[in-house]
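What follows is each chain in one-letter form.
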Amino acid sequence: MKALRFHQYGGPEVLRFDEDAPVPEPGDGQVQVKVSGAGVNPVDWKLRQGYLEGFFPLELPATVAWEFSGTISKLGPGVTQFAVGDEVYGHSHYGTTAEYTVASVEGVALKPFSMDLPDAAAIPLACSTAYQALFDVANLHAGQRVFIQAAAGGVGTYAIQLAKWAGAYVIGTASAKNHHLLKELGCDEVIDYRTTAYETVVKDVDVVLESVGGDENMAKSLSILKPGGILVSISSPEPTEAAEAQGKRAAYLFMKQNSAQLTIIANLVQDLKIRPVIDAVVPYREAIDAQNECQAGHVVGKLVVDVRR
Ligand SMILES: NC(=O)c1ccc[n+]([C@@H]2O[C@H](COP(=O)([O-])OP(=O)(O)OC[C@H]3O[C@@H](n4cnc5c(N)ncnc54)[C@H](OP(=O)(O)O)[C@@H]3O)[C@@H](O)[C@H]2O)c1
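Residues numbered from 1 in each chain as written. Predicted model: local features only at pLDDT ≥ 70, side-chain atom pairs only at ≥ 80, totals over all residues. Heavy atoms only, no water.

**Some points on the packing of helix H1 (residues 42-49) against helix H8 (residues 287-296)**
The line we're drawing: To get an axis, fit a line to the C-alpha atoms, keeping to the stretch in contact for a helix; angles then go from 0 to 180 degrees between the N-to-C directions. The helix and strand labels rest on DSSP assignments: H or I over at least four residues marks a helix, E over at least two residues marks a strand, and numbering proceeds from the N terminus. Should an angle fall under 35 degrees it is called roughly parallel, over 145 degrees roughly antiparallel, and 65 to 115 degrees roughly perpendicular, with every other angle called oblique. Here, two residues are considered to be in contact whenever any of their heavy atoms come within 4.5 Å of each other. The classification used treats Ala, Val, Leu, Ile, Met, Phe, Trp, Tyr, Cys and Pro as nonpolar, Asp, Glu, Lys and Arg as charged, and all other residues, Gly among them, as polar.
Two numbers describe how H1 lies on H8: the axes approach to 8 Å, and their chain directions differ by 95 degrees. Classified by the angle between their axes, H1 and H8 sit roughly perpendicular to one another. On H8, the residues touching Pro42, Asp44, Trp45, Arg48 and Gln49 of H1 are Gln291, Cys294 and Gln295. A class-by-class count of the residues in the contact of H1 with H8 yields three nonpolar, three polar and two charged.

Next comes the structure, spelled out in structure tokens:
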């Protein structure tokens, strides 16, 4: 099968577009999926560069990307909750920018029926991350104030909508060209991080969803929390001691595969409570360009690679 792979850690130059890779066979508790779409995420280039090698050592050659939409083509031993032909979406550490992938059933669910293949690949990783950060870690509820960094990105565009769905007051950062989108998604206040130091205009928030990272930024994000508030970092290590010293909390989240949560998310999409923001769906031959665009850091919402064309 065709697959976008790399044989060594490194920059975009290690990506190989025209690889002929073996079709993966599903093991116990896994399904094989004929991939339609592969979602592009920053974790793709962070893994490829070797930045996450200590946590996720890859078996090389590795196939690029961790989320997919597609059709189940084979069931592994013990799988009873899905059938061949089901249209699904989810997470796979096997790599998804390929004709086929395999995934554990814990990371797979039926895709929202209101969304086409391959577009549903824009949902699993970013939306699960936003959901887990806001609800599983921060326990966000109605009436609270939440501050969302990089609100125009994959995680941010879902986080705005999920927080509004929960009844929170939402403040987000983005460059000026994306302010209209943030407002449309429900953001109550929008800050241009290029012209305004957010820590000078925001205060007393209950929750910070911190995706920009770095020590200086963590300190600023902590400063805008009210006592007892929580900073949820998805980028750099959380500033636990500094938070405790100020009577606040800090936590780090690494998104976990959760099939039941993917079903909740599919229902939210079907019920029009949230909508994926898709920057572009590009053909497989442009998969390397999509990786580079993601690494440049200014995708609006999500990029999806249509591996069928
Ligand atoms: N721990 C986890 O489980 C987990 C899961 C998912 C993502 N992440 C991490 O979370 C981060 C965000 O992920 P993502 O998928 O949302 O990324 P993304 O979609 O690539 O983010 C792109 C967005 O970031 C905005 N941006 C860039 N620099 C910014 C800054 N200094 N301040 C505010 N906004 C800025 C851009 O907006 P403008 O064009 O308006 O500048 C752009 O829309 C990444 O570091 C990623 O690795 C972690």
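**A short note on the domain arrangement of the chain**
For interface size, the figure often reported is the accessible area lost on association. Let me state the cut-off plainly: The split of the chain into domains comes from an automatic or database domain assignment. For any pair of parts, buried area is found by adding up, for both, the accessible area (1.4 Å probe) each one loses once the two are put together. Two N or O atoms form a polar contact when they lie within 3.5 Å of each other; inside protein one atom must be a possible hydrogen donor and the other a possible acceptor, and for residues adjacent in sequence the pair counts only when both atoms belong to side chains.
Domains assigned within the chain are domain 1 (2-123 + 276-306) and domain 2 (126-252). The gap between the C-alpha centroids of domain 1 and domain 2 is 27 Å. Each partner contributes to the interface: domain 1 provides 12 residues, whereas domain 2 provides 14 residues. On the domain 1 side of the contact with domain 2, Ile123, Val277 and Val300 bury the most area, a combined 44% of that side's loss. At the surface where domain 1 touches domain 2, the tally comes to four residue pairs in polar contact (both at pLDDT 80 or more). Across the side of domain 1 that touches domain 2, the residue classes tally to six nonpolar, four polar and two charged.

**Points about unusual backbone geometry**
Leaving glycine out, the prevailing phi sign among residues is negative, and the prevailing peptide bond configuration is trans. The test is simple: Burial classes follow relative accessibility: with a 1.4 Å probe on protein chains only, a residue under 20% of its type's maximum area counts as buried, one over 50% as exposed, and anything between as partly exposed.
A cis geometry characterises the amide bond from leucine 60 onward to proline 61, with omega recorded as 0 degrees. Positionally, proline 61 belongs in the loop between H1 and strand E4 (62-63). The omega torsion of the bond from leucine 117 to proline 118 falls at 10 degrees, within 30 degrees of zero and hence cis. Tracing the backbone shows proline 118 in the loop between strand E8 (108-110) and helix H2 (124-137). The phi torsion at alanine 65 lies on the positive side, around 90 degrees, for a residue other than glycine. Take alanine 65: its relative accessible area is 5%, and that puts it in the buried class. Although it is not a glycine, aspartate 204 sits at a positive phi angle of roughly 55 degrees.

**Regarding the site of the ligand**
Basically, it comes down to this: If a single non-hydrogen atom of a residue is within 4 Å of a molecule or strand, that residue counts as near it. Only the protein chains shown count as covering a residue, and every accessible area follows the Shrake-Rupley method with a 1.4 Å probe.
Taken together, 27 residues are adjacent to the ligand, and Lys46, Ser175, Tyr193, Met255 and Val299 come closest. Contact distances for the ligand include 3.5 Å between a nitrogen atom and a side-chain N or O atom of tyrosine 252. Note that an oxygen atom of the ligand is positioned 2.8 Å from one of the backbone N or O atoms of methionine 255. Contact with the protein chains removes 87% of the 940 Å² of surface that the ligand exposes when unbound. Those elements giving two or more residues to the shell around the ligand turn out to be H1, H2, helix H3 (154-165) and strand E10 (169-174). Residues belonging to the shell around the ligand are distributed by class as follows: 14 nonpolar, 10 polar and three charged.

**Description of the state of the cysteines**
The following threshold applies: Disulfides are defined as pairs of cysteine sulfur atoms found within 2.5 Å of each other.
Taken as a whole, this structure holds zero disulfides when the rule is applied. You can see cysteine 187 has no disulfide; the closest cysteine sulfur is in cysteine 127, sitting 16 Å from it. The buried category is assigned to cysteine 187, whose relative accessible area is 4%. The structure places no disulfide on cysteine 294, whose sulfur is separated from the nearest cysteine sulfur, that of cysteine 127, by 17 Å. Accessibility expressed as a relative area gives 9% for cysteine 294, which makes it buried.

**Description of the nonpolar core**
If you look at soluble globular proteins, the nonpolar side chains tend to sit buried side by side. Rules: For our purposes a nonpolar core is just a set of buried Ala, Val, Leu, Ile, Met, Phe, Trp, Tyr and Cys residues, chained together by side-chain atoms within 4.5 Å.
Counting 50 residues, the largest nonpolar core has Leu134, Leu140, Val146 and Leu162 as the members making the most contacts within it. Here this core spans two domains, since at least three of its residues come from each of domain 1 (2-123 + 276-306) and domain 2 (126-252). Look past the residues within four positions of leucine 162 in its chain and what remains in contact with it is Cys127, Ala130, Tyr131, Leu134, Phe135, Leu268 and Ile274. Judged by nonpolar contacts, the second largest core, of 30 residues, contains Val14, Val105, Tyr284 and Leu303.

**Observations concerning the layout of surface pockets**
To keep things clear, this is the line we draw: Only protein atoms enter the 1 Å grid used here. Points where a 1.4 Å probe fits but cannot escape make up a cavity, open sets with protein on both sides within 12 Å along at least five of seven lines make up a pocket, and a residue lines them when an atom lies within 4 Å of a point. Grid points are joined across faces, edges and corners, and a volume is the space filled by probe spheres set on the points.
Space inside the second largest pocket adds up to approximately 410 Å³. For the second largest pocket, the lining is made up of 21 residues, of which Glu59, Pro61, Ala62, Thr63 and Tyr94 are closest to its centre. Of all the secondary structure elements, the ones that give two or more residues to the lining of the second largest pocket are strand E1 (2-6), H1 and E4. In terms of residue class, the lining of the second largest pocket is made up of 15 nonpolar, three polar and three charged.

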